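So the chains spell out like this:
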Amino acid sequence: MTNAVFETASLAGIQLKNRIIRSATHEGMADEKSFPTEKLKNLYIRLAKGEVGAIITGYAGIQADGKSSLFAMLMIDNDDCVPAYQEITNAVHNYGTAIIMQIAHCGRQTRSKSTGLQTVAPSAIRDAFYNEDKPKELSEDEIRQIIDNFVSAIVRVKQAGFDGVQLHLAHGYLLSQFLSSHSNRRKDRWGGSTENKYRIVDEIFKKAKKRVGVYPILVKMNAYDGRRNGMRIEESVQIAQMLEKSGCAAIEVSCGVIEDGLYSMRGEKLPADAAMAYTFKYKNLPGPIKVIAIPVLKAFMKQPKPLVKYNLDAAIRIKAAVNIPVIVVGGINNIDDINTIIQNHNLDFVSMSRPFIIEPGIVSKFKNGTQTHSKCITCNYCAIIGEEKSLKCHYGKLK
Ligand SMILES: Cc1cc2nc3c(=O)[nH]c(=O)nc-3n(C[C@H](O)[C@H](O)[C@H](O)COP(=O)(O)O)c2cc1C
């Protein structure tokens, strides 16, 4: 029997109104304590009113040195934040909508200048984008501490009333750095074979299960990243099977790392003018250099192709190898494709990020047939300007 997009569905025991999920999207709406704000709550209410199947929050940090350098990231690194998150989950549950928190450590994809701390990574290799900081290779004790902090964060997520938690294993953040031989060159039991690279994730699952019992722990993972010695589909299929063994509740399939530009959120054109105005690497360049740099960037940084449904083939391969729900994200922007993905390709759920930024109510528009395509033009200014400002759709305009 095929699944229907707009029927209620169970995602590892979480009841969803339909099969369309809001993928994790950094909102930049935390307060000075990195707690969620009223503005964030109102955004989630708009998404819930718009009949999204479930909301996955923007990534929340599990410890200070893993905090993003983007504007106003959420943190879930101490017990004091739990009541503030409870307010969020209560507000969303009032609309009968499920909410899952994504948690992360940014590893080498952050800046000492914003965290005030040394950046850390599986191996001391500079990131090609965040290359002002050479990360410190994590010691055995530090890896253990990170595992414990992920577990404590999962406990808090459950206490705060989220319906589940999602570990960020994608886009080149710390756990993704461990999984990829491009960034993990360790010779000890945390590097080398796929089993060794995966060990940190397995340990988080084992320890978390002891603390939270039966509670949905999902992941978002890279199926491939296009980096030299990086993640390839053959290995990500193996990792998906290991995740299933560890007790993972569902896998969201994504791709790419930050140093590769906008590989994981593709668009027609490079948002060079936004990058020059907002990205820490370019914004302080003298004006005349910027004028030259914009066409150079545009000429040399070609946008990867395809632009739509770029993780679908990988998700189909992962789905064929596991018996847990698989969610596909990336360039999904219209209801016909969503129907085909769910009904013909047998994937369990689709998720979208950018279509919800321009239209938080897009699911109800799809459902009642008033709109078939997202209005997003994939300018990606939302992602670039997120370095300094809260999330909003800029629709290709700087001012
Ligand atoms: C502004 C912005 C912020 C994002 N923040 C996150 C995040 O916190 N965690 C995450 O896993 N992915 C994040 N992403 C990636 C999206 O979840 C998604 O994987 C990607 O944009 C492709 O999906 P789309 O084509 O539906 O936008 C972000 C994307 C955008 C545009």
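The structure under discussion appears in the preceding block.
In what follows, the accompanying structure is described. Remember, predicted model here, so these are calculated numbers, not experimental data. (Residues numbered from 1 in each chain as written. Predicted model: local features only at pLDDT ≥ 70, side-chain atom pairs only at ≥ 80, totals over all residues.)

So, the overall build of the protein chain
Here's step 1: Per the secondary structure count, the protein chain includes 14 helices and 14 strands.
Here's step 2: The C-alpha radius of gyration computed for the protein chain amounts to 20 Å, which stays within 12% of the reference 21 Å derived for 399 residues, consistent with globular compactness.
Here's step 3: The 399 residues of the protein chain split such that 53% are buried. (Helix = DSSP H or I, 4+ residues; strand = E, 2+ residues; numbered from the N terminus. Rg over C-alpha atoms; globule rule 2.2 N^0.38 Å. Buried ≥ 20, exposed ≤ 12 C-beta atoms within 10 Å, placed from the backbone.)

Describing the nonpolar core
Here's step 1: Within the largest apolar cluster, 123 residues are counted, with the highest numbers of intra-cluster contacts made by Ala-54, Ile-103, Ile-251 and Val-253.
Here's step 2: Broken down by element, the residue count for this core peaks at eight residues, all from helix H4 (residues 140–159).
Here's step 3: If we ignore the near neighbours within four places in the chain, the residues touching Ile-251 are Val-219, Met-221, Ala-240, Leu-243, Ile-318, Val-322, Ile-324 and Val-326. (Core = buried A, V, L, I, M, F, W, Y, C linked by C-beta atoms within 7 Å. Contact = placed C-beta atoms within 7 Å.)

Details of helix H9 (residues 287–300)
Here's step 1: Counted at 1.5 Å a residue, the expected span for H9 with its 14 residues is 20 Å, and the 20 Å between its end C-alpha atoms agrees.
Here's step 2: Little of H9 is tucked away, with zero of its 14 residues classed as buried. (Expected span 1.5 Å × (residues − 1).)

Overview of the site of the ligand
Here's step 1: Around the ligand sit 26 residues, and of these Ser-23, Ala-24, Met-265, Ser-353 and Arg-354 come closest.
Here's step 2: Sorting the residues of the shell around the ligand by element identifies helix H12 (354–358) and helix H14 (381–385) as the ones contributing at least two each.
Here's step 3: Among the residues making up the shell around the ligand, the classes are represented as eleven nonpolar, 13 polar and two charged. (Near = placed C-beta within 6 Å. Nonpolar A, V, L, I, M, F, W, Y, C, P; charged D, E, K, R; others polar.)

What to know about the packing of H4 against helix H6 (residues 194–212)
Here's step 1: Look at H4 against H6: their axes get within 9 Å of each other, and the N-to-C directions meet at 40°. Taken together, the axis directions place H4 and H6 in an arrangement best described as oblique. Handedness of the H4/H6 crossing: right-handed. Mapping the contact onto sequence places Ile-143, Ile-147, Phe-150, Val-151, Ile-154, Val-155 and Lys-158 in H4 and Ile-200, Glu-203, Ile-204, Lys-207, Ala-208, Arg-211 and Val-212 in H6.
Here's step 2: Across the contact of H4 with H6, the residue classes tally to ten nonpolar, no polar and four charged. (Axes fitted to C-alpha atoms, helices over the stretch in contact; angles between N-to-C directions. Parallel < 35°, antiparallel > 145°, perpendicular 65-115°, else oblique. Left-handed = near helix turned anticlockwise from the far one by under 90°.)

Describing the pairing of strand E13 (residues 326–329)
Here's step 1: Of the two faces of E13, the one holding Val-326 and Val-328 and the one holding Ile-327 and Val-329 are both buried throughout.
Here's step 2: Two elements, strand E12 (residues 251–255) and E13, share three bridges in a ladder whose sense is parallel. For Glu-252, the partnering residue across the bridge sits in E13 and is Ile-327.
Here's step 3: Between E13 and its parallel partner strand E14 (residues 349–352), the chain crosses via helix H11 (residues 335–343), and the hand of that crossover is right-handed. (Pairing = 2+ DSSP bridges. Right-handed = clockwise from strand over helix to strand, strands pointing away.)

As for the environment of Ser-374
Here's step 1: Inspection of the secondary structure assignment puts Ser-374 in the loop between helix H13 (362–367) and H14.
Here's step 2: Since 21 C-beta atoms lie within 10 Å of it, Ser-374 is described here as buried.
Here's step 3: Linking Ser-374 and Ile-332, residues 42 residues apart in sequence, is a C-alpha distance of 8.9 Å.
Here's step 4: With residues near it in sequence (within four places) discarded, Ser-374 still touches Asn-333, Asn-334, Pro-355, Ile-358, Glu-359 and Ile-362.

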